[in-house]
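Overview (structure and organization)
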Amino acid sequence: MCLFCKIAIGEIPSKVLFEDADLLAFHDVAPQAPVHVLVIPKRHLASLAEAAEADAAILGKLALATRRVAEETGIAASGFRVVANSGADAGQSVHHLHLHVIGGRAMAWPPG
Ligand code: DGP
């Protein structure tokens, strides 16, 4: 079982912001900004590169959950960035789909 599957079932503890039957939002262990929350599907899906039509509903839920993260952490008005690293070139280190929700400071573009 992968690291985020273990976090999803509570086998590895995390600082949970909110969850429902399908997804979990929890604080990143190595925050890159004042707010850095990860949103994951509880069911294992390796990355967007592996996503299929059958995953459309959960992908929509994950996207909407980023808005809830921003509202609950107080960064909806100031702005936030959502990142999904997929594969080696993007630097994906945990191979369970996760959306980074990052905010609370100004960010540069393009990313490194
Ligand atoms: P990525 O590089 O996109 O695969 O991001 C993985 C993120 O996961 C990274 O920002 C650090 C975070 N992370 C790794 N292990 C843990 C953990 O055990 N707990 C929590 N809360 N976050 C973790």
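Notes on the structure in this doc start here. (Residues numbered from 1 in each chain as written. Predicted model: local features only at pLDDT ≥ 70, side-chain atom pairs only at ≥ 80, totals over all residues. Heavy atoms only, no water.)

With respect to the site of the ligand
Neighbouring residues of the ligand: 15 residues in total, closest Asp28, Asn85, Ser93, His98 and His100. Take histidine 27: an N or O atom from its main chain is 3.0 Å from a nitrogen atom of the ligand. A distance of 2.5 Å separates an oxygen atom of the ligand from a polar side-chain atom of aspartate 28. Out of a free accessible area of 510 Å², the ligand has 81% covered by protein chains. Contributing elements (two or more residues each) for the shell around the ligand: helix H1 (3–8) and strand E2 (23–27). (Near = heavy atom within 4 Å. Polar contact = N/O pair within 3.5 Å; in protein donor to acceptor, adjacent residues only side chain to side chain. Areas by Shrake-Rupley, 256 points an atom, 1.4 Å probe, with all protein chains shown as cover. Helix = DSSP H or I, 4+ residues; strand = E, 2+ residues; numbered from the N terminus.)

Let's talk about unusual backbone geometry
Cis rather than trans, the peptide bond between tryptophan 109 and proline 110 has omega equal to 5 degrees. Relative to the helices and strands, proline 110 is located in the segment after strand E5 (99–103).

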